Amino acid sequence: MGIFSQFLFLSLMAFWFISLAAYGTKTIHPDEKKALEDIAKSIGKKDWNFDIDPCSNKPNWVTPTIPHVYDNNVTCDCAIAGDNFCHVIWISLKGQNLQGTLPPALSRLRYLQMIDFARNNLNGTIPKEWGVLTNIRKFALLSNRLTGPIPAEIANISSLQLLEVHNNQLSGNLPSELGNLPEIQIMRFSSNNFTGELPLTFGKLTKLLEFRIDDNQFTGKIPDYVQNWTNINNLMMQGSGLSAPIPSGISLLKNLTDLRISDLNGSEYAPLPQLNNHTLLKTLILRNCNINGTLPEYFGTMTKLQLLDLSFNKLSGTIPRSYADMSGVNYIFLTGNLLTGQVPAFTKKTNLDVDLSYNNITISKGSQKENVNLFSTSDLSFTCPKPSKSLFINCGGSQEIVDGKTYEDDSGLGGPARFHAYPTGNWAFSTTGVLPGSKTVGESYSPHNISKLTMVDSKLYTRARVSPISLTYYGYCLQKGSYTVNLHFAEIMIPDDQTYASLGRRVFDIYLQGKLVQKDFNIAKEAGGVGSKIVKQFNNIVVSSNTLEIRLYWAGKGTQNLPINSVYGPLISAISVESSGA
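Residues numbered from 1 in each chain as written. Predicted model: local features only at pLDDT ≥ 70, side-chain atom pairs only at ≥ 80, totals over all residues. Heavy atoms only, no water.

> What should I look at first to understand the overall build of the protein in this one?
Within the protein, the secondary structure is distributed over four helices and 37 strands. Here the C-alpha radius of gyration of the protein, 26 Å, is about what a compact globule of 582 residues would show, namely 25 Å. Taken along its principal axes, the extent of the C-alpha atoms in the protein is 90 × 55 × 40 Å. Looking at the protein as a whole, 58% of its 582 residues qualify as buried. Considering only contacts within the protein whose residues lie at least 6 apart along the sequence, 60% involve residues at least 24 apart. Counting every atom, the protein has about 23,300 Å² of accessible surface; 50% of that belongs to carbon and sulfur. Within the protein, the 46 negative side-chain charges are centred at a point lying 3 Å from the centre of the 50 positive side-chain charges. (Helix = DSSP H or I, 4+ residues; strand = E, 2+ residues; numbered from the N terminus. Rg over C-alpha atoms; globule rule 2.2 N^0.38 Å. Buried < 20%, exposed > 50% of the residue type's maximum accessible area, 1.4 Å probe, protein only. Contact = heavy atoms within 4.5 Å. Areas by Shrake-Rupley, 256 points an atom, 1.4 Å probe, with all protein chains shown as cover. Lys, Arg positive; Asp, Glu negative; His and termini not counted. Charge placed at Lys NZ, Arg CZ, Asp CG, Glu CD.)

Here's what the structure looks like:
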């Protein structure tokens, strides 16, 4: 539990005890009771019993909570000096799959300090009427179906410390007025449809501890004013729409523990910002950010660093030997750069996964281990006695025969830095990236369907192959010529129901032979829903050197924690490749 969460919890408990002591002679203010009735009607809350005083701390108004998942609490303060009534100060209705709309009537609870409607199915817009709630410290509206812009009136709440609206369908520009919030500490805008540039006024938000804008459609560059956020711990801008380069002022943010920036637009390159004084960093992701230059030595001395991801940049030179001796690091991803030289002695550490694929690394005897991925088309040397004209793979599943064609077994384990060549001798796969919170490697990288499948050939879709960042299939024993490539997809990890879990969105890019053939592919959207199949056909794919490369890449788009953590990244159910020649 973070410092902010602890503060909220302790504050809530203090109010609860004060209210309990004062209760007995005081009841809820009648205007607030009527407001709660209107709120219940608006959000579809049907189990509040208004025959019981809402400030009584009795069932229907206070029930046990499941942390981060479910809350059903209305909390009151009955000890306001000179006041003969109890007043609602906290409403938490988290994870109840409520189907209504956000209630303007909330504005009538003038003592309200915290509101949590997270993980429901609420739709509509954020009411501008809420701007009169000048005592609010926390708005948690994440994981709903909210649309429209954030009202500028929210900026009138000078006490606001936390604004969570991620995992919705909000749009428009972020109001510049939000830059006038004097106490704001946490702003989470990820996984919406926000556009425009980040407001210049945000440079004044010097109390920020966390700022997240992943998976949006912003424009412009990362503002130089981020260097003003010297208190910030977490800064996350993956797939935000912003352009490179990363401003050098990032080097001033020495309190960072988690820095994630990825998939920046534009063609301007710049070296890594100086991070040698960032001794608190645990997670550093600067992936596909137009970074050039060489790898610095100091990463090898950062004792708290657990994950280092500098994939898909233009980094050159050798990998410092000190990287193999990093004491706390568990994952190093340097995929898709221009690195040369020898592989450091990563194999000495059993708890370390390293991906160096798609570089110009010199592969020495013994350097290719299970936890070190050196997959690269330039370094693969497979024996292919008789090239074939077809390839069929049941991704993540066992061998199956469909329409007279045998789809080969692909039940081998994936992993954070995994390259696996199949014993049939004609294909391999490579997975890159770590799935945080996953139970086991086998379950997370080759998931089983949770949605009902109705397609005739469902045995191709009950399991799939998934990877957090990059998933590559490599057929290296095909005859030269032109091929038809069919990629089979079905979303099997997101449920088809009316719960908040169904709000998950999986988005990734598809490459064939190194060429982008589909940007921002959403399986469920193109298939017409989860659990339905979609076969993407690509014609006239040329194989000129017996090799076919199918690469799926997560560019920071889509949700990352719906229905649960680690449901994101490229997913594929089956592959069929057939010669289009005579």
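> How should I be thinking about the side chain of Thr432 in this particular structure?
Within the secondary structure layout, Thr432 lies in strand β28 (residues 427–432). When its relative accessible area of 2% is taken as the criterion, Thr432 is described as buried. Of note is the side chain of Thr432, whose polar atom sits 2.6 Å from the side chain of Asp355. (Polar contact = N/O pair within 3.5 Å; in protein donor to acceptor, adjacent residues only side chain to side chain.)

> Please explain the sheet that holds strand β31 (residues 481–490) as it appears in this structure.
Each strand in a sheet pairs with another by means of backbone hydrogen bonds, the pair being arranged parallel or else antiparallel. Strand order in this open sheet of six strands is β25-β26-β24-β37-β31-β34, and the pairing throughout is mixed. Because the sheet does not close on itself, it has two edges, and the strands there are β25 (400–402) and β34 (533–543). In this sheet, adjacent strand axes meet at a mean angle of 25° when their direction is disregarded. Here β31 pairs with β34 via nine bridges, running antiparallel. Within the sheet, the bridge partner assigned to Ala490 lies in β34 and is Lys533. (Pairing = 2+ DSSP bridges. Axes fitted to C-alpha atoms, helices over the stretch in contact; angles between N-to-C directions.)

> Help me out: how do you make sense of the environment of Val543 in this one?
Tracing the chain through its elements places Val543 in strand β34. In this structure the C-alpha to C-alpha distance between Val543 and Arg463, which are 80 residues apart in sequence, comes to 28 Å. Not counting residues within four places of it along the chain, the set of residues in contact with Val543 comprises Leu478, Gln479, Lys480, Gly481, Tyr483, Gln513 and Leu548.

> Help me understand the state of the cysteines, please; the structure alone is not making it clear to me.
As used here, a disulfide is simply a covalent bond connecting the sulfur atoms of two cysteines. Scanning all chains against the criterion turns up two disulfides. A sulfur-sulfur separation of 1.9 Å characterises the disulfide bridge that pairs Cys55 with Cys76. A torsion of -75° about the S-S bond marks the disulfide between Cys55 and Cys76 as left-handed. In this pair, Cys55 is assigned in the loop between α2 (30–43) and β1 (73–77) and Cys76 in strand β1, connecting sequence segments 21 residues apart. With a relative accessible area of 4%, Cys76 lands in the buried category. Put simply, Cys78 and Cys86 are joined by a disulfide, and their sulfur atoms are 2.0 Å apart. Looking along the S-S bond of the Cys78-Cys86 disulfide, the torsion reads about 110°, which is the right-handed sense. According to the relative accessible area criterion, Cys78 is buried, its value standing at 0%. (Disulfide = S-S within 2.5 Å.)

> Would you mind showing me how to read the packing of aromatic side chains here?
Given two aromatic rings, their pairing is described by the distance between the two centres and the angle made by the two planes. In this structure the tally under the stated criterion is 25 aromatic pairs. When the ring of Phe202 is compared with that of Phe211, the centres are 6.2 Å apart and the planes differ by 90°; the resulting orientation is edge-to-face. Here Phe211 falls in the buried class, since its relative accessible area comes to 0%. Relative to Phe508, the ring of Phe489 lies with its centre 6.0 Å away and its plane at 50°, an arrangement referred to as tilted. Of this pair, Phe489 sits in strand β31 while Phe508 sits in strand β32 (residues 508–512); the two residues are 19 residues apart in sequence, bridging distant segments of the chain. Put simply, the rings of Phe189, Phe194, Phe202, Phe211, Phe218, Tyr225 and Trp229 touch in pairs and so form one group of aromatic residues. For the cation-ring pair, Arg465 lies above Phe429, with the distance from its terminal atom to the ring centre recorded as 4.1 Å. Over the ring of Tyr511 we find Arg551; its NZ or CZ atom is 4.5 Å from the centre of that ring. (Phe/Tyr/Trp six-rings, centres within 6.5 Å; stacked < 30°, edge-to-face > 60°. Lys NZ or Arg CZ within 6 Å of the ring centre and 35° of its normal.)

> I'm lost on the pairing of β32 in this one. Help?
On any regular strand, side chains alternate: one points to one face of the sheet, the next to the other face. Across the five residues that make up β32, a large majority, five, are buried. Side-chain alternation along β32 places Phe508, Ile510 and Leu512 on one buried face and Asp509 and Tyr511 on a second face that is also buried. In this sheet, strand β33 (residues 515–521) lies alongside β32 in antiparallel orientation, the contact comprising four bridges. Residue Tyr511 lies in a different strand from β33, and its bridge partner there is Leu516. Sheet topology note: the β32/strand β35 (residues 548–553) ladder contains four bridges and is antiparallel. From the neighbouring strand, Ile510 faces β35, where its bridge partner is Leu552.

> Honestly, the sheet that holds strand β12 (residues 217–218) in this entry has me stumped. Any pointers?
Pairing is parallel in the open sheet, where five strands are placed in the order β4-β6-β8-β10-β12. Of all strands in the sheet, those with a lone pairing partner are β4 (123–124) and β12, marking the two edges. Sheet topology places strand β10 (residues 193–196) next to β12; two bridges connect them, and they run parallel. Looking across to β12, one finds that Gly196 is bridged to Phe218.

> Just to check I follow, could you spell out the environment of Leu453 for this structure?
Within the secondary structure layout, Leu453 lies in the loop between α3 (441–445) and β29 (465–466). Distance from Leu453 to Val530, taken between C-alpha atoms, is 8.9 Å for residues 77 residues apart in sequence.

> Help me out: how do you make sense of the side chain of Ser190 in this one?
Positionally, Ser190 belongs in the loop between β9 (186–188) and β10. Filtering out sequence-adjacent residues up to four positions away, Ser190 remains in contact with His166, Asn167, Arg212, Ile213, Asp214, Asp215 and Asn216.

Treat this as a map of the structure, not an account of what it does.
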